[in-house]
Structure formats: structure tokens, C-alpha cells
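# Report on the structure
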Amino acid sequence: MNTLTNKRVLLGVSGSIAAYKSPDIVRRLQDLGAEVRVVITSGGREFVSERSLQTISKNKVHDNLWDKDAELSMGHIELAKWADIVIIAPASANTIAKLCHGKADDLLSTVILATSATVMIAPSMNQQMYASLAMKENLQLLKSRNVIIIEPGFGEQACGDVGEGRLAEPIDIAQQAAELFLSNSLSGKKVLITIGGTIEAIDPVRFISNHSSGKMGMSLAHACIQAGAKTTLVVGSISIEVERRAETIFVTSASEMYDAVMNNITSQDLFISCAAVADYRPSKVSLNKIKKTSSIKSIQLIENKDILASVCKLKDKPICIGFAAETENLISNAKHKLKNKKCDAIILNDISNSEIGLKSDENEVHFISEKNSEKIDKNSKQIIAEIIINKIAKYFF
Ligand code: PMT
């Protein structure tokens, strides 16, 4: 597996003669498995054709902060969120100075301010400019803000000078980016995740469901993809966007979710049951809308099949990770579920606290297995998901 497989790289091309090498950088990143999109500055456009970058990246090149079409579909915020890593190569002296000051006067500088992804820059300029005190201090400042500097090379420059300031080789830029993702802890593994709530119909209008937003499950999906896994999602009712790099099966009810999981579980290495599956469904679904005047005043319920427990019983079962959504006796209830459902580990979350668990952007969980019980402190669901996936990789693969 290539070390940039499943990774989304946003390449920023700024105004330096070395911009002519940027199509080669795109190629090298793709060779390592990355999906690449390009943002180019007006300076960059002077040295390389957008058409070359568009053809090689197989994506539209983004250049305009005020492009109405772009704002509707892939605006600066979407680009900033889309990227797993942003690489500015070549990074001109002017672009570096703008980053230092947090300027947002073009698409690239605005994306950099708006992204939470790791930022790498590959400076490229005349050796005298590179040696200047202003440049040294600017690079020092960016380093202190966790920007990764890809050191330039030494040699003859386009202007005829000899010295330090040549853009690093495209292959070295791609490899340095790949090294950031070396964990690839689930590389080559297949993962199936259930996500969201289920909807149990009462009649054509009413249903029984729950508040699951899908945020925790989708964060796990993202973390699995980052870790190099081939990821399949069985998605119920959610209120967020679907991770489009995964194969996705949409379902409505618990029975449909059961069928989708059972039809796709063979050959999976890991099953994560994050969905909030309804334990019960109405015993009868009325074909017509139940009238206010109807004699039906109560709904009889029957039990749904337990998807997680069923997977755990399979002869060639994958590693099975359940969730426990609890409001009281948290640890003992979760341990009870771990034992009863016979899963390999269970992730406990307290859903009585509105700041964590259901719907919230953050969570706080306990990772409980037969041998360990470890608290993972409150953090964004994405960070919690990454820690969970690292633990799963460490303990089970
Ligand atoms: O989607 P969010 O808004 O981000 O919220 C995330 C979450 C709180 C829903 C999630 O973190 C979570 O706790 N998911 C499990 C919810 C749940 O149904 O928990 P439970 O304790 O009732 O079930 C225990 C386990 O059995 C779960 O892994 C569940 O997926 C599974 N189960 C339950 C019933 C059933 N019929 N089949 C199942 O597979």
C-alpha cells in the first residue's frame, strides 16, 4: 500500500520560476496514492499553465477567491476542510510573508487560515532572498506555528546565482508528505462500520427513532480511511455528510441494517458497531395513516435482532468493537454489554451529558476490553476516533 493512499492533498502553487515543476509534484503525489487538487496564485500562473495542472491532477484548478461558481460548490472553506494536508510548493517569498501575517487576500492564503490540516511549505527563491534575515525570521515563525518546512536545495539557480533556495525535488516533496502518514495502522485491512440511527415505521407518517447524528461513526470512518483501511459504511438516519471515500450502503430500519451488515461481513477484518440501533420496532406497520379517532391507543413492540451480537457469533468473525450508550452505572453496564454480546472491546459514552455523546461535536469515552479500561478525555469526535482506531490497531492487529 502506498503511503499516501486515501489521502487528499491540496497543492498550493505560488509565484516562483520553480512553479514549472508543479505538474511533476502532482504526479509524484499521485504515484504515492494521493488525490490532488491545486490552488494557484496569480504569481504562480505566470510560470505554469493551469491547463497542465488541471490535466495532470484531473481536477479543476482553483485560483479565485471570488469565483461565484467555486463558492457554491468548492469554496475556500470546503477546500480547507477537504484537505488532509496542504503543501505549498513552490512557496515564494511573498507567499511565506503573507502566511506569517495571516493575510487572506487570495484563495491560497485564505485556505491556509481556514484549514486545520497540516501545512507544509517548500520555499523556492533566489539564494540572496533566501539568506535574508527577514526570510529566516519568517520561516522560524512559521515553524513555531507547526508549519513544516521542506528545506530547499543548493545549486545553480534560474537567475544564474549559485546557492541555497532551489525548490526541493518533486519526489522528495511527495515523500516528506507521505512520511507524515506513516502510521497506516490499518493498511490492507477491511472495515465495516454501522452509523447513525434506525427508523422504525409505525405508519406511513410516524416512526420511532433516536437522536444519533452520525458524527461519531463518520469520524471513525474518516480515521479508518486515514489509517489505510478499505472502509464500508452501513448508514442509517444521519444529519451530516457521508464520507465519500468509503463504499456506502444506506438503510432505514434495524432489519435493513441487519441484512446489509450480514450480506457484507464476510472477509471484513474489523466491525465497528457505532449505530444507535432501535432495540424494538412496532409489531405491525399500519399501511394507512392512523387516524386520531382510531381505537389504537398504544403500540405493541417486538424485539429487533441484535446486529453486533449476531456478528460476534459468526464462525469467522472479524474483530468486533461495540459502543455502549449509557446514562447510569456507566462502567458496569458497558462491561455487561461487552460480556453479553461477546465483542472484543466496547466504547462507552455517557449520553446523559449533552456536551458529549449524542449529536454533539465532542465526545469522551472509555475503551473497555476484557483486560483494559482506558479513559479517552473529552475531545473532538475526530480526535477521539483517531485514538480509538490507534488502540484497535495496537491491540488487535
Ligand atoms: O451519532 P452521534 O450523534 O455522533 O452519536 C454517537 C452515538 C452516541 C450514537 C455513539 O457514540 C454510540 O454510542 N452508539 C451506540 C448506540 C447504541 O445503540 O448503544 P446501545 O448501548 O444501545 O447498544 C450497544 C451496542 O449494540 C452498540 O454497538 C449498538 O450498535 C449495538 N446494537 C444494539 C441493538 C441492536 N439491535 N443491534 C446492535 O448492533
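Residues numbered from 1 in each chain as written. Predicted model: local features only at pLDDT ≥ 70, side-chain atom pairs only at ≥ 80, totals over all residues. Heavy atoms only, no water.

## A look at the overall build of the protein chain
Helix and strand counts for the protein chain stand at 15 helices and 20 strands. C-alpha extents for the protein chain along the principal axes are approximately 90 × 50 × 35 Å. For the protein chain, with 397 residues in total, the buried portion stands at 50%. Taking contacts inside the protein chain between residues at least 6 apart in sequence as the whole, the part at least 24 apart equals 66%. Entry remark: accessible area of the protein chain is about 19500 Å², with carbon and sulfur atoms responsible for 49%. The distance from the centre of the 47 positive side-chain charges to the centre of the 45 negative ones in the protein chain is 7 Å. (Helix = DSSP H or I, 4+ residues; strand = E, 2+ residues; numbered from the N terminus. Buried < 20%, exposed > 50% of the residue type's maximum accessible area, 1.4 Å probe, protein only. Contact = heavy atoms within 4.5 Å. Areas by Shrake-Rupley, 256 points an atom, 1.4 Å probe, with all protein chains shown as cover. Lys, Arg positive; Asp, Glu negative; His and termini not counted. Charge placed at Lys NZ, Arg CZ, Asp CG, Glu CD.)

## Some points on the site of the ligand
If you check the shell around the ligand, you find 28 residues, and the closest are S212, S213, S273, K337 and N349. The side chain of S213 places a nitrogen or oxygen atom 2.6 Å from an oxygen atom of the ligand. Interatomic distance of 2.9 Å between a backbone N/O atom of M216 and an oxygen atom of the ligand. When isolated, the ligand has an accessible area of 770 Å², and the protein chains bury 96% of it. Taken together, the elements giving at least two residues each to the shell around the ligand come down to α11 (215–226), α13 (307–313), β17 (319–326) and α14 (330–341). Take the shell around the ligand: its biggest share by element is four residues, from β17. (Near = heavy atom within 4 Å. Polar contact = N/O pair within 3.5 Å; in protein donor to acceptor, adjacent residues only side chain to side chain.)

## Quick notes on the sheet that holds strand β18 (residues 345–350)
Taken together, the eight strands give an open sheet; going across it, the order is β13-β12-β9-β14-β17-β18-β19-β20, and neighbouring strands pair in mixed fashion. Of all strands in the sheet, those with a lone pairing partner are β13 (247–250) and β20 (373–380), marking the two edges. Going across the sheet, the axis of each strand differs from the next one's by a mean of 20°, ignoring polarity. Both β17 and β18 contribute to a ladder of six bridges, which runs parallel. Note on β18: the bridge partner recorded for F323 is I347. Against the sheet, α14 touches β17, β18, β19 (362–369) and β20, its axis set at about 150° to β18. (Pairing = 2+ DSSP bridges. Axes fitted to C-alpha atoms, helices over the stretch in contact; angles between N-to-C directions.)

## Topic: the packing of helix α1 (residues 22–31) against helix α3 (residues 50–57)
Here α1 crosses α3 at 10°, and the two axes come no closer than 9 Å. The orientation of α1 with respect to α3, classified from their angle, is roughly parallel. Every residue of α3 that contacts α1 at S22, P23, V26, R27 and Q30 is listed here: S52, L53, I56 and S57. For the contact of α1 with α3, the class distribution of residues is four nonpolar, four polar and one charged. (Parallel < 35°, antiparallel > 145°, perpendicular 65-115°, else oblique. Nonpolar A, V, L, I, M, F, W, Y, C, P; charged D, E, K, R; others polar.)

## Considering the sheet that holds strand β1 (residues 8–13)
Taken in spatial order, the six strands of this open sheet run β3-β2-β1-β4-β5-β6, and their pairing is parallel. The sheet is open, and its two borders are formed by β3 (61–62) and β6 (148–149), each paired with just one other strand. The pairing of strand β5 (residues 118–123) with β6 spans two bridges and is classified as parallel. Across the sheet, residue M120 finds its bridge partner in β6, namely I148. The strands touched by helix α10 (residues 170–179) are β4 (85–91) and β5; relative to β4, the strand with the most contacts, the crossing angle is about 155°.

## Concerning the packing of aromatic side chains
This structure, assessed with the given rule, holds one aromatic pair. Positioned over the ring face of W82 is R37, at 5.2 Å from the centre of the ring. (Phe/Tyr/Trp six-rings, centres within 6.5 Å; stacked < 30°, edge-to-face > 60°. Lys NZ or Arg CZ within 6 Å of the ring centre and 35° of its normal.)

## Quick look at the domain arrangement of the protein chain
As far as domains go, the protein chain holds domain 1 (8–179) and domain 2 (190–396). Taking only C-alpha atoms into account, the centre of domain 1 sits 40 Å from that of domain 2. Each partner contributes residues to the interface: domain 1 has five residues there, and domain 2 has five residues. Overall, the association of domain 1 and domain 2 removes approximately 340 Å² of surface from exposure, summing both partners, and the carbon and sulfur fraction of that is 21%. Counting the surface domain 1 buries against domain 2, the share from its top three residues, R8, E35 and D84, is 91%. In this structure, the connection of domain 1 to domain 2 is made through two salt bridges. (Domains from an automatic or database assignment. Buried area = accessible area lost by both parts, 1.4 Å probe. Salt bridge = Lys/Arg side-chain N within 4 Å of Asp/Glu carboxyl O.)

## Some details on a nonpolar patch on the surface
Taken together, the side chains of I17, Y20 and F47 present a nonpolar region at the surface, about 310 Å² in accessible area. Along the chain, I17 turns up in the loop between β1 and α1. For I17, a relative accessible area of 44% translates into the label partly exposed. (Patch = residues over 30% accessible without salt bridge, like charges linked within 9 Å, V, L, I, M, F, W, Y side chains within 5 Å.)

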